[in-house]
Amino acid sequence: MEKTIIVTGGAGFIGSNFVYYMLNKYPNYKIVCVDCLTYAGNLSTLKKALENPNFRFEKLNICDKEGIRKLFSEVKPDIVVNFAAESHVDRSIEGPEIFVDTNIKGTQTLMEVCRELNVPRYHQVSTDEVYGDLPLDRPDLFFTETTPIHASSPYSASKAGADLLVLAYCRTFKFPATISRCSNNYGPYHFPEKLIPLMIINALADKPLPVYGDGLNVRDWLYVEDHCKAIDLIIHNGKIGEVYNVGGHNEMANIDIVKLILKKLDKPESLITFVEDRKGHDRRYAIDPTKISSELGWLPDTKFADGIEKTIDWYLSHKDWWEEIISGEYQNYYSKMYGGK
Ligand code: NAD
Ligand code: DAU
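Along every chain, residues carry numbers that run from 1 in the direction the sequence is written. By the order in which they are written, chains take letters starting at A while ligands take numbers starting at 1. Predicted model: local features are reported for residues with pLDDT of at least 70 only, side-chain atom pairs are reported and counted for 80 or more only, and whole-chain, interface and lining totals are derived from all residues. Hydrogens and waters are ignored; side-chain quantities use all the structure's heavy atoms.

## Observations concerning helix α11 (residues 304-317)
Counting along an α-helix, one turn takes 3.6 residues, and residues three or four places apart therefore face a common direction. Starting at the N terminus, helices and strands are each numbered in turn, a helix being any DSSP run of H or I of at least four residues and a strand any DSSP run of E of at least two. For a helix, the expected span equals 1.5 Å multiplied by the number of residues minus one. A rise of 1.5 Å per residue sets the reference length of α11, with its 14 residues, at 20 Å; its end C-alpha atoms lie 20 Å apart and thus fit the reference within 8%. Here α11 has its buried residues at Phe-304, Gly-307, Ile-308, Thr-311, Ile-312, Trp-314 and Tyr-315. Down the axis of α11, the sector holding all buried residues measures 155°, keeping them to one side. Residues of α11 that are exposed and angled more than 90 degrees away from the buried face: Ala-305 and Ser-317. Tucked inside the fold, the buried residues of α11 contact β7 (185-186), α7 (195-204), β10 (222-223), β12 (251-253), α9 (254-264) and α12 (319-326). Burial status follows relative accessibility: with a 1.4 Å probe on protein chains alone, a residue under 20% of its type maximum counts as buried, one over 50% as exposed, and anything between as partly exposed. What the arc covers is the set of directions going from the helix axis to the C-beta atoms. Contacts are assigned to residue pairs with any non-hydrogen atoms lying within 4.5 Å of each other.

Below you can see the structure in the form of structure tokens.
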């Protein structure tokens, strides 16, 4: 059956991977990407999609209610998937305000317009960070969907605020929404301010690899395509009003990821530089994906050993993509964050 899906934040890392995943899997679906192209949005990421007649791009801010209403009235989406967000924890510590505007107010604006126009289905892409963190010495503990919200950073608090609004809309207005809370993604088009692409790119340039604190913080890494697959299942088969945790049981300490990247690139560990810790740095994330696996049959396809290999190869063969980024505004940001450390 033909469907029209609006994907917000589709010029960013996960959103663009989702656009490609859906265009490829559903040749009779129309995908409309809404993105205001912040520093993290990159239209060149969507170059191939723009050649596809089933794809359309609209430069628009999700906080712009009039613009969103006009577009949604015209497009009449069957499903809206909201990836649009300020997504970087370090930036939220430097300047929290935009996180509240985009992540909370933007989500509410989208839901209001969807409600007004009776859009049949809305999906909120959230994060495991809303649960706060787990201790390193309790490997038996995992985040489930009933773990209390306990956000640590302005970023995760803004995502948690959005989640609470989505759930409140479901209960109060019978708003037809679902939420997914995924662990750390990695793969193609990952913006080079995040751990894995930053380390690959710095190692290639023989630049220091800045590891926060003791490097023992643990993240639960999932190949981006497996996240896309989970969202595809939720928007087609997930139960309205439900939250689904997504993660592949792949916990790794930051320092081990960094050493692995250096080894794959044949670079010395002497490039590792321990720098000041992130304020309020979450110690460990670990997702229990039992619900999405048992209810929707989701299982990750890509093992970390293969995914990291593919990711490094992608960065090696797409230098033009990331060189364009690091020569721009990103460089000012970089010296502000790491200058003097
Ligand atoms: P990203 O920063 O790479 O991309 C965000 C995109 O949203 C960009 O294209 C940006 O231009 C766009 N955007 C930002 N503000 C906007 C606004 N006001 N209006 C329209 N577009 C706007 O982020 P990402 O890593 O791809 O994350 C996507 C979503 O997934 C976010 O909601 C994030 O919280 C969530 N998430 C990310 C991860 C991860 O590991 N990266 C894991 C779990 C959940
Ligand atoms: O868990 C899901 C979340 O994963 C998403 O909701 C966020 O949008 C996404 O950015 C990511 O958040 P993290 O803070 O975990 O990702 P980041 O890549 O910024 O950092 C991963 C770990 O690496 C974290 O413990 C901090 C550390 N780090 C990061 C950078 C950028 C370093 O040690 N050095 C660095 O330079």
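The rest of the description comes next.
## Details of the site of ligand 1
Nearness of a residue to a molecule or strand requires only that one of the residue's heavy atoms be within 4 Å of it. Taken together, 28 residues lie near ligand 1, and Ile-14, Asp-35, Ser-87, Tyr-155 and Lys-159 sit nearest. In this structure, an oxygen atom belonging to ligand 1 sits 2.8 Å away from a main-chain N or O atom of Ile-14. Burial of ligand 1 by the surrounding chains reaches 97%, relative to a free accessible area of 830 Å². Of all elements in the fold, only α1 (13-25), β5 (121-127) and α6 (154-173) reach the threshold of two or more residues within the shell around ligand 1. The leading source of residues in the shell around ligand 1 is β5, at three residues. Residues belonging to the shell around ligand 1 are distributed by class as follows: 14 nonpolar, 12 polar and two charged. Polar contact is defined as a pair of N or O atoms within 3.5 Å, subject to the rule that within protein one atom must be able to donate a hydrogen and the other to accept it, and that residues adjacent in sequence are counted only when both atoms are side-chain atoms. Only the protein chains shown count as cover for residues, and all accessible areas are computed by the Shrake-Rupley method using a 1.4 Å probe. Under the grouping applied here, Gly and all other residues not named as nonpolar or charged are polar, the nonpolar ones being Ala, Val, Leu, Ile, Met, Phe, Trp, Tyr, Cys and Pro and the charged ones Asp, Glu, Lys and Arg.

## Quick notes on the pairing of strand β4 (residues 79-82)
Regular strands place their side chains on alternate faces of the sheet. By the alternation rule, side chains of β4 split into Ile-79 and Val-81 and Val-80 and Asn-82, which are all buried. Of the pairings in the sheet, the one linking strand β1 (residues 4-8) to β4 comprises four bridges and is parallel in character. Note that in β4 the partner of Ile-6 across the bridge is Val-80. Two strands form a pair only when DSSP identifies at least two bridges running between them. Judged from the four bridges that link them, β4 and β5 form a sheet pairing that is parallel. Bridging across to β5, Val-80 finds its partner in Tyr-122.

## Points about the state of the cysteines
Pairs of cysteine sulfur atoms within 2.5 Å are what we label disulfides. The tally for this structure, following the rule as stated, stands at zero disulfides. In this model Cys-36 remains outside any disulfide bridge; the closest cysteine sulfur is found in Cys-63, 8.0 Å from its own.

## Side note on the side chain of Asn-217
Within the fold, Asn-217 resides in the loop between β8 (209-212) and β9 (218-220). Among the polar contacts made by the side chain of Asn-217, one reaches the main-chain carbonyl oxygen of Asp-282 at a distance of 2.9 Å. With residues near it in sequence (within four places) discarded, Asn-217 still touches Met-252, Ala-253, Asn-254, His-281, Asp-282 and Arg-283.

## Topic: α6
Under the 1.5 Å per step criterion, the end-to-end length of α6 is 28 Å for 20 residues, consistent within 8% with the ideal 28 Å. Within the sequence span of α6, burial applies to Tyr-155, Ser-156, Ser-158, Lys-159, Ala-160, Ala-162, Asp-163, Val-166, Tyr-169 and Cys-170. Residues of α6 that are buried sit in contact with α4 (89-94), α5 (97-116), β5 and β6 (177-182). Two residues or fewer after α6 comes Lys-174, characterised by a positive phi angle close to 55°.

## Some points on the packing of α1 against helix α8 (residues 224-237)
Following both chains from N to C, one finds α1 and α8 inclined at 65°, their axes separated by 9 Å at the closest point. With respect to the hand of their crossing, α1 and α8 are arranged in right-handed fashion. Where α1 approaches α8, its residues Phe-13, Ile-14, Asn-17, Phe-18, Tyr-21, Met-22 and Lys-25 are matched on the opposing element by Val-224, Glu-225, His-227, Cys-228, Lys-229, Ile-231, Asp-232, Ile-235 and His-236. For the contact of α1 with α8, the class distribution of residues is nine nonpolar, three polar and four charged. Note on definitions: angles span 0 to 180 degrees between N-to-C directions of axes, and those axes are lines fitted to C-alpha atoms, for helices only across the stretch in contact. Left-handed describes a crossing in which the near helix is turned anticlockwise from the far one by less than a right angle; the clockwise case is right-handed.

## Here's the deal with the pairing of strand β11 (residues 243-246)
Of the two faces of β11, the one lined by Val-243 and Asn-245 and the one lined by Tyr-244 and Val-246 are each fully buried. As defined by bridge partners, β6 adjoins β11 across four bridges and the pair is classed as parallel. Bridged to Cys-182 within β11 is Val-246.

## Focus: the environment of Met-22
One can find Met-22 in helix α1. When the C-alpha positions of Met-22 and Asp-232 are compared, they lie 7.9 Å apart, and in sequence the two are 210 residues distant.

Interpretation note: all reported values are geometric properties and have no functional meaning in isolation.
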